[in-house]
Amino acid sequence: MHSKYLAAASQAASVLMFVLALAAAGCAPEHDHRQPPPRPSAAASVAMAPPASGAPAAVRKPALPDANMARAAIPDAFKWQLAPVFADDAAFEQALGDAARLRAELGAFEGKLGDAKRLRGCLKLYFEARLLTNKLTLYANLRQDTDQSSAPLQAMFERSLAAMNALMGQAAFIRRHVLGLDDAAMKRAYRAEPGLGEYRPYLDELRRRRARVLGVEAERVLSLAGDNLWAEIDLNELPSDFEKIFKAMRTDLTLPPIKDEEGKKVQLTLSSYGRYRGSEQRAVRRAAVEGLLGALRGREHAFAAALAGQIRFNVFKDSGAFCIAVYGIHPFVKTNYLDEVDDLSTLSHEYGHALHYHLSMSSQPYVTANYSPFLAEVASTLNEKLLSDHLLRRARSDEERLYLLNRLVETVRTTLFRQAMFAEFELAVHSAAEAGTPVTAELLDRTYGELVRAYYGGDLTLGPNDAVEWAYIPHFFYKYYVYAYATGLAASLDLAERVASGGAEAREAYLAMLRAGSSKPPLELLRAAGVDLTRPDAIAAAARLMDRALAEIEAILAKKG
């Protein structure tokens, strides 16, 4: 797969800034036989009405790379510029040596943390080493992602992971010391060294997880097995061996050619799959889905073995776009941008992450700049809702409104409903593994198929390959994350209404949550912004939004006859 990289998309970024400007100004607000309405391009959707006063003018659409273009032929404008992380690979190599030196200095503190001042000095050095090592993993991760079949880049990534694992192993004595102190001892340490308060959110969160910590030897075994519970950065940057196997299999997956809307033979790729799956022509949609699922079916036992290994690893530990960042450097966004509205929505999603990263890093010290996974999908899904509202306000025909309303319904279905189904799938297969049941392709197919039937009802007919879709979902091979999409959307739909109509106070409360990083527990931060996820209110509001959108769709269809 050849992916297109957008360090910045001027037109889409302008649209997103315009949407945020509208919010700041307090502006109000395929399962049947019908052909879907025409799919406007992102540029057309933005340009369908004159921009509001003060809004950015339309930007000329750049020429986009073809989905099957060789990477060498892709213009540099569509590639990451990694100089803000490291100037080049030689600088990366030098930083590897610097990280090793910092780890050695850190080791000199072992057994000498009884003094609060020395504990503070140790933590200062640890976070310096952690930031440098995080830059190593970020740089190598992004370099490898440009060509996942490159052996030198794979080796670079492995060395960066080895540096992070070495740091986590070296820092184990800090965790043991802090977790061994009782509450009274911690209070004495804070009184003795006021500067230690800078690290209090980190230390409090560390101590909150005391029940998960095993003995010294058991923790060492987990470390050797690849456990990264204590990595304290984006865990998807530190893949287990099973995740690496999954990525390698996806990279090597051969998809068949299909015919596009004009009957022309085109190569189906993972980057173009979403476009053809959303085609106006049912035959093209079917060919894309069957092409992908058929390819997965041909390798489902290998995918099942990789997922079974990841599940066993998770149980053992038990206690097509992305945005990524490291403290002090601007976020990086990767996406396949084909100038469809879906692509604009995806970019708005990833720029939500970028905004969260930016505000958190700009407002918090490194110790509390990382935000909790529980909050990770709030800004991203809120951006999607603001964009949806903006496009609906500008819709000039029933056809456009139908298309956009359908997208809104799909957002709620796929992000709240479908991700909840994914979370239930994860629970079911992990429970099976804990009970000693072999995790096989047959078990995974059956479990996934039963959940699809339960969630979508008896009117849905599953095709012969539909139940193997689990092999296409990357998050199943990661670490318990899908729930965050559902909770994030539930919170963001509520927050989007507040941001759009609640005045300056509501908007500032939301931005304050983004600026807060991990300085307070995530539920507390959400409550301060106006959403309490310990109550069902946000979920109920999302369901009501979906009902209203469906009712309007039905009204428009009834009017059209």
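Residues numbered from 1 in each chain as written. Predicted model: local features only at pLDDT ≥ 70, side-chain atom pairs only at ≥ 80, totals over all residues. Heavy atoms only, no water.

**As for the pattern of salt bridges**
Part 1 of the reasoning: Enumeration according to the criterion identifies 27 salt bridges in this entry.
Part 2 of the reasoning: Between Arg-120 and Glu-193 there is a salt bridge, and its shortest N-O distance comes to 3.3 Å. Of this pair, Arg-120 sits in helix H4 (residues 116-145) while Glu-193 sits in the loop between helix H7 (183-192) and helix H8 (200-208); the two residues are 73 residues apart in sequence, bridging distant segments of the chain.
Part 3 of the reasoning: Accessibility expressed as a relative area gives 32% for Arg-120, which makes it partly exposed.
Part 4 of the reasoning: Residues Asp-183 and Arg-207 are paired through a salt bridge, measuring 2.8 Å at the closest nitrogen-oxygen approach. In this pair, Asp-183 sits in helix H7 while Arg-207 sits in helix H8, placing the two residues 24 residues apart along the sequence.
Part 5 of the reasoning: Here Asp-183 falls in the partly exposed class, since its relative accessible area comes to 47%. (Salt bridge = Lys/Arg side-chain N within 4 Å of Asp/Glu carboxyl O. Helix = DSSP H or I, 4+ residues; strand = E, 2+ residues; numbered from the N terminus. Buried < 20%, exposed > 50% of the residue type's maximum accessible area, 1.4 Å probe, protein only.)

**Details of H4**
Part 1 of the reasoning: Given a rise of 1.5 Å per residue, 30 residues ought to cover 44 Å, and the 43 Å separating the end C-alpha atoms of H4 matches this to within 8%.
Part 2 of the reasoning: Across the 30 residues of H4, 22 count as buried, placing the element largely inside the fold.
Part 3 of the reasoning: With a side-chain oxygen positioned 3.1 Å from the backbone nitrogen of Lys-117, the residue opening H4 is Asp-115. (Expected span 1.5 Å × (residues − 1). Polar contact = N/O pair within 3.5 Å; in protein donor to acceptor, adjacent residues only side chain to side chain.)

**Structural notes on the packing of H4 against helix H6 (residues 172-180)**
Part 1 of the reasoning: Packing of H4 against H6 leaves a shortest axis separation of 11 Å and a crossing angle of 140°. When the interaxial angle is binned, H4 and H6 end up oblique. When you trace H4 past H6, the crossing you get is left-handed. On H6, the residues that touch Leu-119, Cys-122, Leu-123 and Tyr-126 of H4 are Phe-173, Ile-174, His-177 and Val-178.
Part 2 of the reasoning: Among the residues making up the contact of H4 with H6, the classes are represented as 7 nonpolar, 1 polar and no charged. (Axes fitted to C-alpha atoms, helices over the stretch in contact; angles between N-to-C directions. Parallel < 35°, antiparallel > 145°, perpendicular 65-115°, else oblique. Left-handed = near helix turned anticlockwise from the far one by under 90°. Contact = heavy atoms within 4.5 Å. Nonpolar A, V, L, I, M, F, W, Y, C, P; charged D, E, K, R; others polar.)

**A closer look at the packing of aromatic side chains**
Think of a pair of aromatic rings as described by two things: how far the centres are apart, and how the planes are tilted against each other in angle.
Part 1 of the reasoning: As enumerated under the stated definition, the model contains 22 aromatic pairs in all.
Part 2 of the reasoning: Between Phe-417 and Tyr-455 the ring centres are 5.2 Å apart and the planes differ by 75°, which places this aromatic pair in the edge-to-face class. On the criterion of sequence distance, the pair formed by Phe-417 in helix H16 (residues 398-434) and Tyr-455 in helix H17 (residues 441-456) is long-range, its members being 38 residues apart.
Part 3 of the reasoning: Overall, the relative accessible area of 34% leaves Phe-417 in the partly exposed class.
Part 4 of the reasoning: Here the aromatic residues Tyr-126, Phe-127, Tyr-199, Tyr-202, Tyr-327 and Tyr-366 are joined through ring pairs into a cluster of three or more.
Part 5 of the reasoning: The side chain of Arg-200 reaches across the aromatic face of Tyr-190, ending 4.2 Å from its centre. (Phe/Tyr/Trp six-rings, centres within 6.5 Å; stacked < 30°, edge-to-face > 60°. Lys NZ or Arg CZ within 6 Å of the ring centre and 35° of its normal.)

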